[in-house]
Amino acid sequence: MPIPDMRPVQAALARVELYDWVVCTSVNGVRYALGERTAPWPDSVKVAAIGPVTRDALEAAGVKVAYMPEEFRAERIADGVYGQRILLLRARGARPALRRLLQKRGACVDEVAAYCAETNVPPPAAYAAMHAGVDAVTFTSASTVKSYAELIGTDPQGVTVACIGPITACEAEERGFQVHVVAKEYTAKGLVDALKAFYEADE
């Protein structure tokens, strides 16, 4: 969901021509941030997307993507983004790894929260379903692992645990979960494909 106060995003995008790069690490950042800008995107500002879904959202908004890493994780974006001034559009509370990597190279990084992830508390029936015939639990980010651990509190024994990528899997393992599936392509489709392959291998 968008952050309650969008003024920092609006202010950053109002002066976007001052940046060498704008980095978008999720489709939500595109949806909420670029919805705040109506002026044409300046040709002098390059844009990086973390993966194909984010790239497609940018291009649908009329913004050309100059770089997308082959491995869809934030740290890999730093491999192709060089410049003195970089605007990083992220979720509130996102991991600081990318910002630190860019700053280590000498870049001035303005990190602006474009949206926030909130934990939805499921109804009691959803908790009961966790113990009544659920075959797999899928985690699409480290934050979903944290939310699950806070709500459920335990490793879902006897249930396949599938993670969208290695960072999410690492978070799950650190919380004591046994991870069975890690997607090779860090997208929702990649997660579904990996889970499908896991079950087909057991047939």
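Further up the page is the structure itself.
Described in the following lines is the structure provided in the data block. As a convention, each chain's residues are numbered from 1 in the sequence order in which they are written. For this predicted model, a pLDDT threshold of at least 70 governs which residues receive local features, and a threshold of 80 or more governs which side-chain atom pairs are given and counted, while totals over whole chains, interfaces and linings are taken from all residues. The basis for every side-chain value is the complete set of heavy atoms in the structure, and neither hydrogens nor water enter the calculation.

A short note on the overall build of the protein
Which entries qualify depends on this criterion: A run of H or I in DSSP counts as a helix once it spans at least four residues, and a run of E counts as a strand once it spans at least two, with each numbered from the N terminus. Any residue under 20% of the maximum accessible area for its type is buried, any over 50% is exposed, and the rest in between are partly exposed; the area is computed with a 1.4 Å probe on protein chains only. Residue contacts are counted whenever heavy atoms from the two residues lie within 4.5 Å of one another. Note on areas: Shrake-Rupley, 1.4 Å probe, and residue coverage restricted to the protein chains presented here.
When helices and strands are tallied, the protein shows nine helices and seven strands. Counting only residues that meet the buried cut, the protein has 42% of its 203 residues in that class. Sequence separation of 24 or more characterises 57% of the internal contacts of the protein that already satisfy a separation of 6 or more. As displayed, the protein offers around 11,000 Å² of accessible surface, 51% of which is attributable to carbon and sulfur atoms.

With respect to the side chain of Thr 168
Among the secondary structure elements, Thr 168 is positioned in helix H8 (residues 166-174). Thr 168 has contacts with Phe 139, Thr 140, Ser 141, Ala 142, Val 145 and Cys 163, leaving out every residue within four places of it along the chain.

Focus on the pattern of salt bridges
Condition: Salt bridges are identified by distance alone: a Lys or Arg side-chain nitrogen within 4 Å of an Asp or Glu carboxyl oxygen.
In this structure the tally under the stated criterion is eight salt bridges. Note that Asp 5 is salt-bridged to Arg 7, the shortest N-O span being 2.9 Å. We note a salt bridge from Asp 79 to Arg 76, for which the minimum N-O separation is 2.9 Å. Residue Arg 76 is classed as partly exposed on the basis of its relative accessible area, which comes to 27%. Linked by salt bridges that have partners in common, Arg 90, Arg 99 and Glu 111 make up one network.

So, the packing of aromatic side chains
The cut-off we apply is this: Side-chain rings of Phe, Tyr and Trp, where Trp is taken by its six-membered ring, are said to pair if the distance between their centres is within 6.5 Å; with planes under 30 degrees apart they count as stacked, over 60 as edge-to-face, and otherwise as tilted.
Here the structure, examined in full by the defined rule, presents four aromatic pairs. For the pair Tyr 148 and Phe 177, a centre-to-centre distance of 5.7 Å together with 85° between the ring planes defines the contact as edge-to-face. One end of the pair, Tyr 148, is in helix H7 (residues 142-151); the other, Phe 177, is in the loop between H8 and strand S7 (181-182), with 29 residues separating them in the sequence. On the accessibility criterion, Tyr 148 (11% relative accessible area) is buried. Among the aromatic side chains, those forming a connected cluster through ring pairs are Phe 139, Tyr 148 and Phe 177.

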